[in-house]
Amino acid sequence: MILSESDAATPALLVGVDLGRPHFDANLAELSELARTAGLDPVAKLTCKRQAPDAALFVGSGKAEEIKNLAQTHGAKEILFDQALSPAQQRNLERELGLPVYDRTLVILEIFAQRARSFEGKLQVELARLQYLSTRLVRRWSHLERQRGGIGGRGGPGETQIELDRRMIGEAIRRTKSRLEDVKRQRQTQRKRRDGAGHFGISIVGYTNAGKSTLFNALVKARAYAADQLFATLDTTTRQLYLGDAQGRGRSVSLSDTVGFIRDLPHGLIDAFQATLQEAAQAQLLLHVVDASNPDHPEQIEQVMQVLNEIGADQVPQLLVFNKCDALGPERQPISAHDQYLMGQKPIERVFVSARTGTGLPLLRQALAARALPEGAENWAQSAH
Ligand SMILES: Nc1nc2c(ncn2[C@@H]2O[C@H](COP(=O)(O)OP(=O)(O)OP(=O)(O)O)[C@@H](O)[C@H]2O)c(=O)[nH]1
Ligand SMILES: [Mg+2]
């Protein structure tokens, strides 16, 4: 798909099936963003409602016919589903439609594959991809054969192609896992060296495109890659940040910019990205960045909380940063620059900023200093009002 050699975007038809779950994205806006980021051109969209997915085709056969016709009319070369398809559904759909069919999981995997820069990031993506492919019996992993150089690659006589594929994938998964273990060990040693006693680590987390890297750059005056695309950041970047308070006390903390989260982040990816995501679980404070100008931000907050839960970072104290305030209309401007946000039953401190214009950043620094400096909390509460 997607990783085509040419630069021209592949025309794709997007399909969303409303199964009655909350937050169905009727405009397929996020899927369109994902598609574009992956190098597809969403030429047409189709949504439908169903009580439950059809076991064979995910959609009904009438709808499949409609998809086929619409794809033809618009010259779509690929079909992209907003939901995760089972291997059988994907295979049946491809047969029925005569076009390659992809799902949300695979698109996210492809974007990660395109973005991975560090050795560790590449290994993590490779592992997630292999795990995804291991459940699919279609031959999409011929690159593995090339990797093996064909030496001793063939199994005994009578081994079917599928068994061979399974075995190759299993071996590749084991190999990738053990290489990742080595990298993980190295990373732990590095972290131990960096994080001596009394170290204070802050991790920036949040939904993809919330402005995490922009905020990171503004706070530490760095130049991490920030762009209007999903998953611009995959590798963790860490810098030192000096925080001082009005009493002249101060200290250096480390600030990390991390990979963004998204709704239905594939499980394989969470698994594979454990090492990267671990950074957040071991932080002393999470800066949870939210794109306040996105109408879906309440759902995005929930999604981020879910991922934090999955990686064991839900108990790390949080500071909510409502970003992109410059993009809010006058009627939606915050009444106070700082307040409490109710997360379930729990009030969480919230600061409104614009990482782009710098509004609210001095206040954010104060809030951070209050958390990082002992006995700083009361001073901050007073000075913030
Ligand atoms: N209007 C406005 N745009 C912003 C602000 N902060 C970031 N952006 C824009 O939002 C887009 C995403 O910013 P990034 O900093 O790359 O977002 P991110 O959260 O790091 O995204 P990923 O790494 O892809 O998860 C970019 O186009 C930024 O210029 C802000 O305060 N106001
Ligand atoms: Mg980023």
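Note that this is a predicted model, so its numbers are computed, not measured.

Caption draft 1: Representation of the overall build of the protein within the structure. Looking only at helices and strands, the protein has 13 helices and eleven strands in total. Relative to its full complement of 385 residues, the protein shows a buried share of 49%. In the protein, 69% of the contacts between residues at least 6 apart in sequence involve partners at least 24 apart. Total accessible area computed for the protein in this model is approximately 18500 Å², and 50% of it derives from carbon and sulfur atoms.

Caption draft 2: Seen up close, the side chain of Thr208. Relative to the helices and strands, Thr208 resides in the loop between β5 (201-206) and α8 (212-220). Residue class for Thr208 comes out buried when judged on its relative accessible area of 7%. With near-sequence residues (within four places) excluded, Thr208 lies in contact with Gln229, Leu230, Phe231, Gly260, Phe261 and Ile262.

Caption draft 3: Local environment of the sheet that holds strand β7 (residues 250-257). Sheet architecture is open: seven strands sit in the order β6-β7-β5-β8-β9-β11-β10, paired in mixed fashion. The open sheet has two free edges, formed respectively by β6 (237-244) and β10 (338-343), since each of these has just one partner strand. Between one strand and the next, the sheet's axes are offset by a mean angle of 30 degrees, whatever the strand orientation. Direction of pairing for β6 relative to β7: antiparallel, over a ladder of eight bridges. Each residue of the ladder has a partner; that of Leu241, found in β7, is Val253. On the sheet, α8 packs against β5, β6, β7, β8 (285-291) and β9 (318-323) and is oriented at approximately 155 degrees with respect to β7. Across the sheet, helix α12 (residues 361-372) is in contact with β5, β6, β7, β8, β9, β10 and β11 (346-352); its angle to β6 comes to roughly 90 degrees.

Caption draft 4: Broad picture of helix α3 (residues 87-97). Those residues of α3 not exposed but buried are Gln89, Gln90, Leu93, Glu94 and Leu97. Seen from one end, α3 has its buried residues packed into an arc of 130 degrees, which puts them on one side. In this structure, the buried residues of α3 make contact with α2 (61-74), β3 (78-81), β4 (101-103) and α5 (119-133). Two residues or fewer past α3, Gly98 is found with a positive phi of approximately 70 degrees.

Caption draft 5: Here's a closer look at the packing of aromatic side chains. Scanning all chains against the criterion turns up three aromatic pairs. When the ring of Phe322 is compared with that of Phe352, the centres are 5.7 Å apart and the planes differ by 70 degrees; the resulting orientation is edge-to-face. Taken together, the positions of Phe322 in strand β9 and Phe352 in strand β11 put the pair 30 residues apart, joining distant regions of the chain. Residue class for Phe322 comes out buried when judged on its relative accessible area of 4%. The exposure class assigned to Phe352 is buried, which follows from its relative accessible area of 11%. Joined through ring pairs, the aromatic side chains of Phe322, Tyr341 and Phe352 make up one cluster. Its end group placed over the ring of Phe322, Arg350 keeps NZ or CZ at 4.6 Å from the ring centre.

Caption draft 6: Just the layout of surface pockets, in detail. Put simply, the largest pocket is a space of about 630 Å³. Around the largest pocket, the lining is made up of 35 residues, and of these Arg21, Arg104, Arg263, Asp264 and Leu265 lie nearest the centre. Secondary-structure elements contributing two or more residues to the lining of the largest pocket are β1 (10-18), α4 (104-115), α5, α9 (267-272) and α11 (297-310). Here the element with the most residues in the lining of the largest pocket is α11; it accounts for six residues. Across the lining of the largest pocket, the residue classes tally to 15 nonpolar, eight polar and twelve charged. For the second largest pocket, the calculated volume is near 480 Å³.

Caption draft 7: Spotlight on the pattern of salt bridges. Under the counting rule described, the total for this entry stands at 13 salt bridges. A salt bridge links Arg104 to Asp82; the shortest N-O distance between them is 3.1 Å. Linking Arg104 in helix α4 with Asp82 in the loop between β3 and α3, this pair joins segments that are 22 residues apart in sequence. The residues Arg104 and Asp82 share a single accessibility class, namely buried. The salt bridge involving Asp182 is made with Arg185; its shortest N-O contact spans 2.8 Å. With Asp182 and Arg185 both in helix α7 (residues 161-194) and three residues apart, the pair spans about one turn of that helix.

Calculation criteria
Residues numbered from 1 in each chain as written. Chains lettered and ligands numbered in written order. Predicted model: local features only at pLDDT ≥ 70, side-chain atom pairs only at ≥ 80, totals over all residues. Heavy atoms only, no water. Helix = DSSP H or I, 4+ residues; strand = E, 2+ residues; numbered from the N terminus. Buried < 20%, exposed > 50% of the residue type's maximum accessible area, 1.4 Å probe, protein only. Contact = heavy atoms within 4.5 Å. Areas by Shrake-Rupley, 256 points an atom, 1.4 Å probe, with all protein chains shown as cover. Pairing = 2+ DSSP bridges. Axes fitted to C-alpha atoms, helices over the stretch in contact; angles between N-to-C directions. Arc of directions from axis to C-beta. Phe/Tyr/Trp six-rings, centres within 6.5 Å; stacked < 30°, edge-to-face > 60°. Lys NZ or Arg CZ within 6 Å of the ring centre and 35° of its normal. 1 Å grid on protein atoms, 1.4 Å probe; cavity = no way out; pocket = protein on both sides within 12 Å on 5 of 7 lines; lining within 4 Å. Points joined across faces, edges and corners; volume = space filled by probe spheres on them. Nonpolar A, V, L, I, M, F, W, Y, C, P; charged D, E, K, R; others polar. Salt bridge = Lys/Arg side-chain N within 4 Å of Asp/Glu carboxyl O.

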